[in-house]
Amino acid sequence: MARAKKSETAKPRKLESTRVILSLGDDVSTDLIYPGRFMATVLPTETPALAFADHPAFQALVKAKSIPKGAVIAGGENFGCGSSREQAASCLKGLDVVVVARSFARIFLQNAINLGLKVVTAPGFAADEGDEIVFEGGGVENRTKRTAFDIVPLPRARQSIIDAGGLIAFTRTRLMAKA
Amino acid sequence: MKKKTGGATAVEKILARASGNEFVRAGDVVEPRVDLAMSHENAALVINQFKEIFEGTGRVAKPWDPSRIAIIFDHRVPAESAKTATNQKKVRAFVAEHGITKFHDVRGDVGGICHQILPERGYVQPGMVVVGTDSHTTSHGALGAFAFGIGATEMASAWALGVALNIEVPRTIRVRVTGRFGKHVGPKDLILHLIGILSAQGANFRVLEFTGETIANLSTSGRLVLCNMSVEAGATAGIVPGDAETVRYLREEAGFTGPIDLVTSDPNATYERTVEIDVSALEPVVACPHTVDNVKPVSAVAGKSVQQVVIGSCTNGRLEDLAEAAAIVRGKHVAEGTRMLVFPASAKIWAEALKLGYLSDFMAAGAVVMNAGCGPCLGVHEGALGDGEAAISTTNRNFKGRMGNPGAEVYLSSPAVAAASALTGVITDPRKES
Ligand code: SF4
């Protein structure tokens, strides 16, 4: 099997200057990211339209298709807590945003890595909507506030999945390796 | 591999065995075989991902071992929409195609919430590795298994390979519980109290292992409450290592006749830390909106008016819970302006509660008894809240929007607090009501 191509998830430093489109506090639950009443919708082509469905300002951006590629969603501690619903990761992946948070809940983080949603853990990170963000080396900089934060590497146990370009590709390779 | 020093926790032993290692330690990365892989309606998404894995490989998309897959419809039963009904239909076809026998459809005899069906049917035994596409899969640690929630793609991978890929052996926080619960204080108060101490992410990437005399004396039903809500402190898993009560439950209640191998923690196992709790002094507590760690003694919020009371869920929809709530409302009436909804966790519990008269107690008091399933817990198809309304519920999450309306509030409590509050229409200390 040919070497799978590297995922961008592993290299947030490659991202250019971007802006925060949504800034949230601690404990952003997957109920907030993707409300339970839409759980019957599963296709990654359909979930992005329902991201933060109960957040009118964000929904307006989604509807207007005015979210730039690589735009940042800023979170506090424990981003993605709660339900394991994968739609919470697939909807954000479909919008091609980057989630920067002080910390992530385990299942959301794994879903993000599995699907190739870009997530960056930066303890202490703080940003308001509209702030300019730059990823550099092992850090993330808030240009507007003139603050900088270290990036915590993703769990090393998951690195091979990131390197394979996601869990589907990784599993496929493993499957083919089996007699 | 590191040198073996000291003892091992139950989870380390389970993962060592499942990954073919003599021993493993927290921090090691292993690939345990999966003993049981559970999904609910979201099997529809798992099936999509599963088929995608096989695309272009020239291989037939067949699960590694259909006898180790469990699928239970519970989140939206009976279907609330054409979309759900169609998803369920698709899953049924997959189940039939691959001969999946641990399948629980929308039925009044064998249906129910996945986290009740698995223990009740004896599907989970001590020492197993259980994965589920549901965050409350932590529940099954109550039977001494290592059980954790995963996403749909990860489940698809498990269906294909029969292993959980790249699992980092978690560190364990020991929770040592002593003392006796007072009247109308129980496991729900204990776990809410613990989450309040640890915070919503205090146990992130950790296992919570429950030990101590109070746990030894606790029924499996009560242990399920503790392990179920371990995830609300961020834990990967909760566990009560298997013991005499586990054997009793499996033999007498679940009808399991196969061999049982209890996996316990060594006395000299390494824990990250130990939290000591004496429940003798514990009061009934309530988790206030909108986070589960916003825990207060019931006295601090008593008098807050509630328009809906929910008794049920994978946390507190078992017979013990219904018995306690029924005893409180028996011969009394649900307050004017308050709706009380009861949804037993499984069809089996429903039938038992019917036989024991609990359901008629509820109905005579004015409560609505619903079919077994997740009901209003996740705000999908019944029991939604109106704008500005508040509910007190025995479920496990009070996030904004959880019960279907971001403009409403959910308080979490034990069945005793919820039932007492139904009678008054305000949050009430059950010790004062009866
Ligand atoms: S009862 Fe609620 S928490 Fe439990 S499985 Fe159903 S939706 Fe999830």
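Everything quoted here is computed from the prediction, not taken from an experiment.

K.L.:
Any chance you could break down the interface of chain A and chain B for me, citing the residues and the numbers?
P.N.:
Contact residues are listed per partner, giving 47 residues for chain A and 50 residues for chain B. Carbon and sulfur atoms supply 55% of the area that chain A and chain B bury against each other, a total of about 4,100 Å² over both sides. Contact with chain B buries area across many residues of chain A, yet R106, I168 and L175 of chain A alone supply 16% of it, more than any other trio. On inspection of chain A and its partner chain B, the count reaches 4 salt bridges. Note that R174 of chain A and E31 of chain B form a salt bridge whose closest N and O atoms lie 2.7 Å from each other. Where chain A meets chain B, there are 26 residue pairs in polar contact (both at pLDDT 80 or more). When residues of the side of chain A that touches chain B are traced back to their parent elements, those giving at least two are α1 (30-33), α4 (106-115), α5 (159-164) and α6 (167-177) of chain A. For the side of chain A that touches chain B, the element with the highest residue contribution is α6 of chain A, accounting for 8 residues. Looking at the side of chain A that touches chain B residue by residue, the class counts come to 19 nonpolar, 14 polar and 14 charged.

K.L.:
Describe the pattern of salt bridges, with residues and values.
P.N.:
The full count for this structure, using the stated rule, is 33 salt bridges over all chains. The shortest N-O distance in the salt bridge between E46 of chain A and K83 of chain B comes to 3.5 Å. Note that E46 of chain A is positioned in the loop between α1 and α2 (56-63) and K83 of chain B in helix α3 (residues 82-98), a pairing that runs across two chains. Take K83 of chain B: its relative accessible area is 40%, and that puts it in the partly exposed class. The partner of R68 of chain B in a salt bridge is D65 of chain B, and the shortest N-O contact between them spans 3.4 Å.

K.L.:
Mind laying out the site of the ligand, listing which residues take part and the relevant values?
P.N.:
Residue and element names in this part refer to chain B. Within the structure, the ligand sits among H75, I113, H115, D134, H136, S313, C314, C374, C377, L378, N396 and R402. Applying the majority rule of atoms within 2 Å of the grid points places the ligand in the largest cavity. By residue class, the composition of the shell around the ligand is 5 nonpolar, 5 polar and 2 charged.

K.L.:
Give me the confidence of the model for chain B: which residues, what numbers.
P.N.:
This prediction gives chain B a mean pLDDT of 96; 99% of its residues lie at or above 70. Overall fold confidence for the complex sits at a pTM of 0.95, while the interface term, ipTM, reaches 0.94.

K.L.:
An account of unusual backbone geometry is requested, with residue identities and associated values reported.
P.N.:
All names here are of chain B. Cis geometry marks the peptide bond from V77 to P78, where omega comes out at -20°. For the bond from P289 to H290, the omega torsion is -10°, close enough to zero to count as cis. Within the element layout of this structure, H290 appears in the loop between β12 (285-287) and β13 (295-297). The backbone phi angle of S199 is positive, close to 80°, even though this residue is not glycine. Considering the arrangement of structural elements, one finds S199 in the loop between α6 (187-198) and β9 (206-211).

K.L.:
Talk me through the sheet that holds β9 of chain B; I want residue IDs and the actual numbers.
P.N.:
All names here are of chain B. Read across the open sheet, the 4 strands follow the order β10-β9-β8-β11; overall the sheet is parallel. Each having just a single partner strand, β10 (237-239) and β11 (273-278) make up the two edges of the open sheet. On average, each strand axis in the sheet is inclined to that of its neighbour by 20°, with strand direction left out of account. Bridge count for β9 against β10 is 3 bridges, and the pairing is parallel. Within β10, the position partnered with E209 by the bridge is I239. Most of the contacts of α6 go to β11, to which it runs at about 135°, and overall it touches β8 (171-178), β9 and β11.

K.L.:
So what about the packing of aromatic side chains? Which residues, and what values?
P.N.:
A ring pair, where both rings are aromatic, is described by two values, the distance of the centres and the angle of the planes. Residues and elements named next belong to chain B. Within the structure shown, the criterion is met by 12 aromatic pairs over all chains. Taken together, a centroid distance of 5.3 Å and an interplanar angle of 90° make the contact between F73 and F103 edge-to-face. Separated by 30 residues along the polypeptide, F73 in the loop between β3 (69-72) and α3 and F103 in strand β4 (residues 102-104) bring together distant segments of the chain. When sorted by exposure, F73 lands in the same class as F103, which is buried. In textbook terms, an aromatic cluster arises when at least three aromatic residues are bridged by ring pairs, as seen for F50, F54, F94 and W159.

K.L.:
Explain the confidence of the model for chain A to me, using residue names and the numbers behind them.
P.N.:
The predicted model of chain A has a mean per-residue pLDDT of 90, with 91% of residues at 70 or higher. Note that pLDDT drops below 50 for residues 1-13 of chain A; the model gives that stretch 25 contacts with residues more than four away or on any other chain.

K.L.:
Go over empty space enclosed by the protein with me, naming the residues and quoting the values.
P.N.:
In this structure the tally under the stated criterion is 6 cavities of 30 Å³ or more. Computed from the structure, the largest cavity encloses a volume of approximately 210 Å³. H75, D134, H136, L378 and R402 of chain B are the residues nearest the centre of the largest cavity, which is lined by 22 residues in total. For the lining of the largest cavity, the secondary-structure elements that each account for two or more residues are α4 (114-120) and α11 (313-316) of chain B. For the lining of the largest cavity, the per-class residue count stands at 7 nonpolar, 11 polar and 4 charged. Taken as a whole, the second largest cavity spans an internal volume of roughly 170 Å³. Lining of the second largest cavity is provided by 17 residues; of these, C81, G82 and A105 of chain A together with V231 and G234 of chain B occupy positions nearest its centre.

Basis of the calculations
- Residues numbered from 1 in each chain as written.
- Chains lettered and ligands numbered in written order.
- Predicted model: local features only at pLDDT ≥ 70, side-chain atom pairs only at ≥ 80, totals over all residues.
- Heavy atoms only, no water.
- Contact = heavy atoms within 4.5 Å.
- Buried area = accessible area lost by both parts, 1.4 Å probe.
- Salt bridge = Lys/Arg side-chain N within 4 Å of Asp/Glu carboxyl O.
- Polar contact = N/O pair within 3.5 Å; in protein donor to acceptor, adjacent residues only side chain to side chain.
- Helix = DSSP H or I, 4+ residues; strand = E, 2+ residues; numbered from the N terminus.
- Nonpolar A, V, L, I, M, F, W, Y, C, P; charged D, E, K, R; others polar.
- Buried < 20%, exposed > 50% of the residue type's maximum accessible area, 1.4 Å probe, protein only.
- Near = heavy atom within 4 Å.
- 1 Å grid on protein atoms, 1.4 Å probe; cavity = no way out; pocket = protein on both sides within 12 Å on 5 of 7 lines; lining within 4 Å.
- Sits in = over half its atoms within 2 Å of the grid points.
- pLDDT = per-residue confidence, 0-100.
- Pairing = 2+ DSSP bridges.
- Axes fitted to C-alpha atoms, helices over the stretch in contact; angles between N-to-C directions.
- Phe/Tyr/Trp six-rings, centres within 6.5 Å; stacked < 30°, edge-to-face > 60°.
- Points joined across faces, edges and corners; volume = space filled by probe spheres on them.

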